[in-house]
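Chains, contacts and geometry: an overview
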Amino acid sequence: MFGRKSASLEDYRYSNPMKRANLVWDEAALRDYLTDPQTKVKGNRMPFGGVQDPKDVEDVIAYLKTLR
């Protein structure tokens with residue numbers, strides 16, 4: 001998913017706010033979303049409060065970069 005456009009998989013039902021977000025999942029977008037998903041994508045229907053520890057955020061990003 002790293003480097004992919006948000007809401008780009010055809011076989012998944014994304015919320016309209018995620019479709020309109022028009023993000024590319026790079027480090028900056030992921031960092032913002034993981035830290036505060038409701039601010040990054042207002043109206044997002046996925047209930048996720050965000051990751052509070054900055055080290056955890058960086059660890060998640062590093063892991064996502066390994067998935068190709």
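The paragraphs below set out a description of the structure included in this document.

What counts and what doesn't
Residues numbered from 1 in each chain as written. Predicted model: local features only at pLDDT ≥ 70, side-chain atom pairs only at ≥ 80, totals over all residues. Heavy atoms only, no water. Helix = DSSP H or I, 4+ residues; strand = E, 2+ residues; numbered from the N terminus. Rg over C-alpha atoms; globule rule 2.2 N^0.38 Å. Buried < 20%, exposed > 50% of the residue type's maximum accessible area, 1.4 Å probe, protein only. Areas by Shrake-Rupley, 256 points an atom, 1.4 Å probe, with all protein chains shown as cover. Lys, Arg positive; Asp, Glu negative; His and termini not counted. Charge placed at Lys NZ, Arg CZ, Asp CG, Glu CD. Contact = heavy atoms within 4.5 Å. Polar contact = N/O pair within 3.5 Å; in protein donor to acceptor, adjacent residues only side chain to side chain. Core = buried A, V, L, I, M, F, W, Y, C linked by side-chain atoms within 4.5 Å. Phe/Tyr/Trp six-rings, centres within 6.5 Å; stacked < 30°, edge-to-face > 60°.

1. Looking at the overall build of the chain
Helix and strand counts for the chain stand at four helices and zero strands. The helix and strand sequence of the chain, counted from the amino end, reads α-α-α-α. Here the C-alpha atoms of the chain give a radius of gyration of 12 Å, agreeing with the 11 Å that 2.2 N^0.38 yields for 68 residues. Here the chain holds 68 residues, and 29% of them are scored as buried. Per element, the accessible surface of the chain, about 4800 Å² overall, is 54% carbon and sulfur. Charged side chains of the chain number 12 positive and 10 negative; the gap between the two group centres comes to 8 Å.

2. Topic: the environment of Lys-65
In this fold, Lys-65 is placed in helix α4 (residues 54-66). The sequence separation of Lys-65 and Pro-37 amounts to 28 residues, and the corresponding C-alpha distance is 19 Å. Sequence-distant contacts of Lys-65, defined by excluding residues within four places in its chain, comprise Phe-2 and Glu-27. Here Glu-27 takes part through its side chain, which lies 2.5 Å from a polar atom of the side chain of Lys-65.

3. Structural notes on the nonpolar core
Core analysis: the largest hydrophobic core is formed by 14 residues, its most contacted members being Met-18, Trp-25, Leu-30, Tyr-33, Val-41, Val-57 and Ile-61. Of all the elements in the fold, those that place two or more residues in this core are α2 (27-35) and α4.

4. Let's talk about the packing of aromatic side chains
Any pair of aromatic rings gets described here by the distance separating the centres and the angle formed by the planes. Here the structure, examined in full by the defined rule, presents two aromatic pairs. For the pair Trp-25 and Tyr-33, a centre-to-centre distance of 5.4 Å together with 65° between the ring planes defines the contact as edge-to-face. What makes Trp-25 buried here is its relative accessible area of 7%.

5. Here's the deal with the environment of Val-51
Topologically, Val-51 is positioned in the loop between α3 (37-40) and α4. Sequence separation between Val-51 and Ser-15 is 36 residues, and the spatial gap between their C-alpha atoms is 21 Å. The contact partners of Val-51, leaving out residues within four places of it in the chain, are Leu-34, Thr-35, Asp-56 and Val-57.

The quantities given are spatial measurements derived from coordinates; they are silent on function.
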